[in-house]
Amino acid sequence: MEERRKSSLNLPAGMSKPALDLETFSSSFTSLPKTPSPSKTTYSDRFIPCRSSSRLQNFALVEKSSPAKEGGNEAYARMLKAEIFGTDSPSCQGSPMSPSKNLFRFKTDHSAPSSPYSQPLSVHEGGVAYEASTPPKVPRKVPKTPHKVLDAPSLQDDFYLNLVDWSSQNVLAVGLGTCVYLWTASTSKVTKLCDLGPTDSVCAVQWTREGSYLSIGTSLGEVQIWDGTRCKRVRTMGGHQTRTGVLAWNSCILSSGSRDRNILQHDLRVSNDFFSKLVGHKSEVCGLKWSHDDRELASGGNDNQLLVWNQHSQQPILRLTEHTAAVKAIAWSPHQHGLLASGGGTADRCIRFWNTANSNQLNFIDTGSQVCNLAWCKNVNELVSTHGYSQNQIMVWKYPSMGKVATLTGHSLRVLYLAMSPDGQTIVTGAGDETLRFWNIFPSAKTPAPVRDTGVWSLGRTHIR
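Quantities reported herein were computed from a predicted structural model and do not represent experimental measurements.

Reading the values: rules and limits
- Residues numbered from 1 in each chain as written.
- Predicted model: local features only at pLDDT ≥ 70, side-chain atom pairs only at ≥ 80, totals over all residues.
- Heavy atoms only, no water.
- Helix = DSSP H or I, 4+ residues; strand = E, 2+ residues; numbered from the N terminus.
- Buried < 20%, exposed > 50% of the residue type's maximum accessible area, 1.4 Å probe, protein only.
- Contact = heavy atoms within 4.5 Å.
- Salt bridge = Lys/Arg side-chain N within 4 Å of Asp/Glu carboxyl O.
- Phe/Tyr/Trp six-rings, centres within 6.5 Å; stacked < 30°, edge-to-face > 60°.
- Core = buried A, V, L, I, M, F, W, Y, C linked by side-chain atoms within 4.5 Å.
- Pairing = 2+ DSSP bridges.
- Lys, Arg positive; Asp, Glu negative; His and termini not counted.
- Polar contact = N/O pair within 3.5 Å; in protein donor to acceptor, adjacent residues only side chain to side chain.
- Axes fitted to C-alpha atoms, helices over the stretch in contact; angles between N-to-C directions.

Asks: Looking at this structure, I do not really get the overall build of the protein. What am I missing?
Replies: Each helix and strand in the protein was counted, giving four helices and 31 strands. By the burial criterion, 44% of the 465 residues in the protein qualify as buried. Considering only residue pairs separated by 6 or more positions, the protein has 45% of its internal contacts joining residues 24 or more positions apart.

Set out below in structure tokens:
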């Protein structure tokens, strides 16, 4: 460079070169700042500060070199940390911050509570995102076939009767013709409880909530009370003019509905046959259920009406008339106070849901078939319905979406009878095809599904076909 500049130094004509030492000229020329050519200029956006003059240690971004180097600035640094990171910061409490806790470090803090937004996401079919660590919930599988079948000769094909009930002590009562049989689920033992004789027949059976006493409604209009453990009749009460087709217990109070359109209230603690008569239906009473708190009684009749009574009124407090066919299927929700479900017969086919506190209809769904029975599961917020004309199916529903969980078939005639096991997992259904079928449809309160068992049984040796 110096050689090039010296060779390019030209003087005008006639001017002599000054008497200047070549080394002096060279040294003075090279002391000038060198300006690079514009075509060779290089630009950069990086700025690397001198870390020795920075105070990054005040923000815990780098480890402190030594407390001695901070000198009198230590108090100021703590105040600055307190303003930025809060007083809970370890460095603000006089302890040096650990390198693993430094800000902007890419390290997972396992001590922090988990957040759904911190989980890795994945996308499955349909473009719906879910947490990769938690797979989507698999729909519960309900067995499509019954795990047990009982032969039940003379089980009547009558929509208005209620001939099957399952006690809290795990004993099934079934009315067959003039007789009532008890089937102990734990041992499969069959006991003949009673025979009403040739002039009478069984129209309804209902256990007390304790499961020790059984009430029986007869075709002659009587209500009998039996001790199920001793197989002994305790009492007989009259009052109805014709058959007693439905019964419902409320502690010591027994309500009975009849074809004579009346509902009688019986008290086992008094000697009278009944102490109250509820008149409201214009046709046979075929549905009757007390609420779980024993404050309200729902009744359904062949007049298409659903009535709600309280403990003290002689007149219904609600008269619900949206059904267009007989209302036999009635169920109170064990999960929501005042929630009542009802089902209509062949001309209606709908399940309707009511808020009895304000008489509002919450929802309804057309099932496509005659609704014979309803039962709510106590373990999950689901209910089961049994149906007659024309598909004779059993359907499990989620509430409140009313999405179908399962549809079960197997009975060849209307599924007129329904009862639930004490653990809430199994139901038994009965039909005019003279069979009782046991289905595992609901999960337990803790585990998903019970163990299945298969077999065909008979209710008694005298009824083997």
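Asks: Quick question: what am I supposed to make of the pattern of salt bridges here?
Replies: Under the counting rule described, the total for this entry stands at twelve salt bridges. Close ionic contact of Asp294 with Arg209 constitutes a salt bridge, the shortest N to O distance being 2.7 Å. Within this pair, whereas Asp294 is found in the loop between β16 (285-290) and β17 (296-301), its partner Arg209 is found in the loop between β8 (202-207) and β9 (213-218), the two being separated by 85 residues in sequence. Assessed through its relative accessible area of 16%, Asp294 is described here as buried.

Asks: Hey, could you run me through the packing of aromatic side chains in this one?
Replies: How two aromatic rings sit relative to each other is set out by the distance from centre to centre and by the angle between their planes. Considering all chains together, one arrives at six aromatic pairs under this definition. With centroids separated by 5.3 Å and ring planes inclined at 90°, the aromatic side chains of Phe159 and Tyr160 adopt a geometry described as edge-to-face. Residue class for Phe159 comes out buried when judged on its relative accessible area of 5%. Ring geometry for Trp376 and Tyr399: centres 5.4 Å apart, planes at 70°, overall edge-to-face. With Trp376 in strand β24 (residues 371-376) and Tyr399 in the loop between β26 (394-398) and β27 (404-408), this residue pair connects regions lying 23 residues apart in the sequence.

Asks: Looking at this model, I keep getting lost on the nonpolar core. Mind explaining?
Replies: General note: in soluble globular proteins, nonpolar side chains tend to be found buried as a group. Core analysis: the largest hydrophobic core is formed by 36 residues, its most contacted members being Leu172, Leu214, Ile216 and Leu436. Within the residue set of this core, elements represented by two or more residues are β4 (164-166), β5 (171-176), β6 (179-184), β7 (189-195), β8, β9, β28 (415-420) and β30 (435-440).

Asks: I keep staring at the pairing of β8 and nothing clicks. Help me out?
Replies: Working note: regular strand, side chains alternate between the two faces of the sheet. Within β8, five of the six residues are buried, which leaves it mostly tucked inside the rest of the structure. Turn length for the β8-β9 hairpin, with the two strands adjacent in sequence and antiparallel, is five residues, and the turn residue Gly211 shows positive phi of about 85°.

Asks: Got a minute to help me understand the side chain of Arg235 in this structure?
Replies: Mapping Arg235 onto the fold places it in strand β11 (residues 232-237). Despite being buried, Arg235 has no salt bridge partner; Asp273 is the closest side chain of opposite charge, sitting 5.0 Å away. Here Val270 takes part through its backbone oxygen, which lies 2.7 Å from a polar atom of the side chain of Arg235. Residues in contact with Arg235, not counting those within four places in the same chain, are Val223, Gln224, Ile225, Asp267, Leu268, Val270, Ser271, Asn272 and Asp273.

Asks: Just checking my understanding: could you explain the sheet that holds β24 for this structure?
Replies: Read across the open sheet, the four strands follow the order β24-β25-β26-β27; overall the sheet is antiparallel. The strands lining the two open edges of the sheet, one partner per strand, are β24 and β27. Neighbour-to-neighbour, the strand axes of the sheet open up by a mean angle of 15°, direction not taken into account. In terms of strand pairing, β24 meets strand β25 (residues 382-387) through five bridges, oriented antiparallel. From the neighbouring strand, Asn373 faces β25, where its bridge partner is Thr386.

Asks: Looking at this model, I keep getting lost on the environment of Asn381. Mind explaining?
Replies: Here Asn381 is to be found in the loop between β24 and β25. Among the residues examined, Asn381 registers a relative accessible area of 30% and is labelled partly exposed. Distance in space between the C-alpha atoms of Asn381 and Gln336 is 9.5 Å, their sequence separation being 45 residues. Not counting residues within four places of it along the chain, the set of residues in contact with Asn381 comprises His335, Trp376, Lys398 and Tyr399.

Asks: Is there a simple way to explain the sheet that holds strand β23 (residues 360-366) in this structure?
Replies: Strand pairing in a sheet takes place through backbone hydrogen bonds and is either antiparallel or parallel in direction. In space, the four strands of this open sheet follow the order β20-β21-β22-β23, with antiparallel pairing throughout. Pairing within the sheet leaves two strands with one partner each, and these edge strands are β20 (327-332) and β23. The sheet shows a mean angle of 20° between the axes of neighbouring strands, taken without regard to direction. Taken together, the six bridges between strand β22 (residues 350-355) and β23 define a ladder with antiparallel strand orientation.

Asks: Before we go on, may I ask you to explain the side chain of Gln224 in this structure?
Replies: Along the chain, the position of Gln224 falls in strand β10 (residues 223-227). Taking the relative accessible area as the measure of exposure, Gln224 reaches 3% and is therefore buried. A distance of 3.0 Å separates a polar atom in the side chain of Gln224 from a polar atom in the side chain of Trp226. Beyond its immediate chain neighbours, meaning those up to four positions away, Gln224 contacts Leu196, Leu214, Ser215, Ile216, Thr218, Arg233, Arg235 and Thr236.

Asks: Even after reading the chapter, I still don't get unusual backbone geometry, so can you show me in this structure?
Replies: Backbone phi values are negative for most residues with the exception of glycine, while trans is the configuration of most peptide bonds. Between Tyr389 and Ser390 the backbone carries a cis peptide bond, its omega angle lying at 5°. Mapped onto the secondary structure, Ser390 falls in the loop between β25 and β26. A cis amide bond, omega 10°, links Tyr399 with the succeeding residue Pro400. Residue position: Pro400 is located in the loop between β26 and β27. Non-glycine residue Ser251 carries a positive phi angle of around 55°. With respect to the helices and strands, Ser251 occurs in the loop between β12 (244-250) and β13 (253-258).

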